[in-house]
Amino acid sequence: MSSLVAYFSATGTTAHVANELARAIGADLFEIVPEQPYTAADLDWRDKTSRSSLEMNDEACRPAIVGHVDTMADYDTVFVGFPIWWYVEPRIIDTFLEAYDFAGTTVVPFATSGGSGLGKAPQRMATLAPGATVTEGRLLNGNPNADELRTWAQGATSC
Ligand SMILES: Cc1cc2nc3c(=O)[nH]c(=O)nc-3n(C[C@H](O)[C@H](O)[C@H](O)COP(=O)(O)O)c2cc1C
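Definitions and limits used
- Residues numbered from 1 in each chain as written.
- Predicted model: local features only at pLDDT ≥ 70, side-chain atom pairs only at ≥ 80, totals over all residues.
- Heavy atoms only, no water.
- Buried < 20%, exposed > 50% of the residue type's maximum accessible area, 1.4 Å probe, protein only.
- Helix = DSSP H or I, 4+ residues; strand = E, 2+ residues; numbered from the N terminus.
- Pairing = 2+ DSSP bridges.
- Expected span 1.5 Å × (residues − 1).
- Arc of directions from axis to C-beta.
- Contact = heavy atoms within 4.5 Å.
- Polar contact = N/O pair within 3.5 Å; in protein donor to acceptor, adjacent residues only side chain to side chain.

Caption draft 1: Local environment of the pairing of strand β5 (residues 77-83). Judged by how many residues are buried, β5 sits mostly within the fold: 7 of 7 residues are covered. Judged by which residues are buried, β5 turns out to be covered on both faces: Thr77, Phe79, Gly81 and Pro83 on one side and Val78, Val80 and Phe82 on the other are all buried. For strand β1 (residues 3-7) and β5, the ladder comprises 5 bridges, and the chain directions are parallel. What sits directly across from Ser3, in β5, is Thr77. Strand direction decides the pairing type here: β5 and strand β6 (residues 106-112), joined by 7 bridges, are parallel. Its bridge partner being in β6, Val78 is matched across the sheet by Val107.

Caption draft 2: Layout of helix α5 (residues 146-157). Spanning 12 residues, α5 covers 17 Å between terminal C-alpha atoms, matching the ideal 16 Å at 1.5 Å per step. What α5 keeps buried is the set Leu149, Trp152, Ala153 and Ala156. For α5, the angular spread of the buried residues around the axis is 100°, confining them to a single face. Facing away from the buried side of α5 by more than 90 degrees, the exposed set consists of Thr151 and Gln154. Next to the buried residues of α5 lie α1 (13-25), β5, β6 and β8 (138-139). Where α5 begins, one side-chain oxygen reaches toward the backbone nitrogen of Asp147, 3.1 Å away; that side chain belongs to Asn145.

Encoded structure:
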């Protein structure tokens, strides 16, 4: 059984927990890097004209990603991490999901946030990864330790 932890992080919070998770479960790690990095102004959710606001207002928006996981077919389980943006996954996660064939793969969402849960992210992600089993996932706020991450990851992938 082989696992990948793939994550997008605009300001480092999700990156930290993704690294911890990969280390705790011995998974490979892939950072979903935007072709155009997000500036602080891009991330201003109070500004209706900021890049993140415009992206999240457009369901069809698919920000470009740098790099590709050539060995995706080797993974049974792919943990997909992201910050919650406007109660769901950022559009770049949609770009990532549409870039691969996840049929037969277990996709486990995880996120960090200012307090919101995963909302409709797992359901949305399931529609973008046809044939995958997308689990309900979990918010990983508050720096969970390696034991907590391992226990959760094992439970998240069993039937
Ligand atoms: C554009 C934008 C929208 C956000 N929307 C939410 C939200 O709906 N609910 C929430 O709890 N936090 C929200 N946040 C806060 C982030 O989810 C939180 O700071 C997250 O931990 C950032 O992760 P990162 O450092 O990996 O980018 C938002 C942040 C940004 C930049």
